[in-house]
Amino acid sequence: LEPTPLALKKDRKTRERQRRRRKKHPKILMSIELLPKEVALERPAGVGRDAPNAFPTLPEAKRPPAADMVFVAFRSLWSEVNATVHINCLLFLLCFMFVLVFAGTIIDHIDTLQRAFSWVEGELEDTPVDPGQATG
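All figures in this text were calculated on a predicted structure; none of them were measured in a lab.

Caption draft 1: Spotlight on the overall build of the protein chain. Helix and strand counts for the protein chain stand at seven helices and zero strands. Reading the secondary structure of the protein chain in the N-to-C direction produces α-α-α-α-α-α-α. Sorting the 136 residues of the protein chain into buried and exposed places 0% on the buried side.

Structural data, given as structure tokens:
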């Protein structure tokens, strides 16, 4: 049985998606030493970077500033979702911005709109009201 072109296309898309998701994971460099009790008492070691920080000496960690952590978290979350979600988020933001601009324009020109439609209010006030219709 030969695979159909559609099946080949789906398989290729799956492989491309998996290739994009492959990430470099952090690596841990660790050493463990088994020492006799006498040597361990001569060369004490703290927990992590606590004193005494020797055998081996651990430098301070290189971390981004705290303000950058929000961006890093958002970027990692954004990279986990698929392209459909990206498109939906961007379309939502675009529509939301359009609504904000439209609402701002309406609010800025509300007095102009009231003057433009004042003739409608004037006609409604000038028309006589039939007493039979008002109670009905």
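Caption draft 2: Just a nonpolar patch on the surface, in detail. A grouping of Phe 98, Val 99, Phe 102, Ile 106, Ile 110, Leu 113 and Phe 117 is seen on the molecular surface, where their side chains present a nonpolar patch of about 690 Å² in accessible area. Counting residues per element, the ones that place at least two in the nonpolar patch are helix 4 (83-108) and helix 5 (110-116). Sort the elements by how many residues they give to the nonpolar patch and helix 4 lands first, with four residues. Along the chain, the position of Phe 98 falls in helix 4. Residue Phe 98 is classed as exposed on the basis of its relative accessible area of 59%.

Caption draft 3: Just the packing of aromatic side chains, in detail. In this structure the tally under the stated criterion is two aromatic pairs. Pairing Phe 92 with Phe 96 gives two aromatic rings, centres 6.2 Å apart and planes at 15°, and the pair type is stacked. Remark: Phe 96 and Phe 92 occur in helix 4; sequence separation between them is four residues, near one turn of the helix.

The rules behind the values
- Residues numbered from 1 in each chain as written.
- Predicted model: local features only at pLDDT ≥ 70, side-chain atom pairs only at ≥ 80, totals over all residues.
- Heavy atoms only, no water.
- Helix = DSSP H or I, 4+ residues; strand = E, 2+ residues; numbered from the N terminus.
- Buried < 20%, exposed > 50% of the residue type's maximum accessible area, 1.4 Å probe, protein only.
- Patch = residues over 30% accessible without salt bridge, like charges linked within 9 Å, V, L, I, M, F, W, Y side chains within 5 Å.
- Areas by Shrake-Rupley, 256 points an atom, 1.4 Å probe, with all protein chains shown as cover.
- Salt bridge = Lys/Arg side-chain N within 4 Å of Asp/Glu carboxyl O.
- Phe/Tyr/Trp six-rings, centres within 6.5 Å; stacked < 30°, edge-to-face > 60°.

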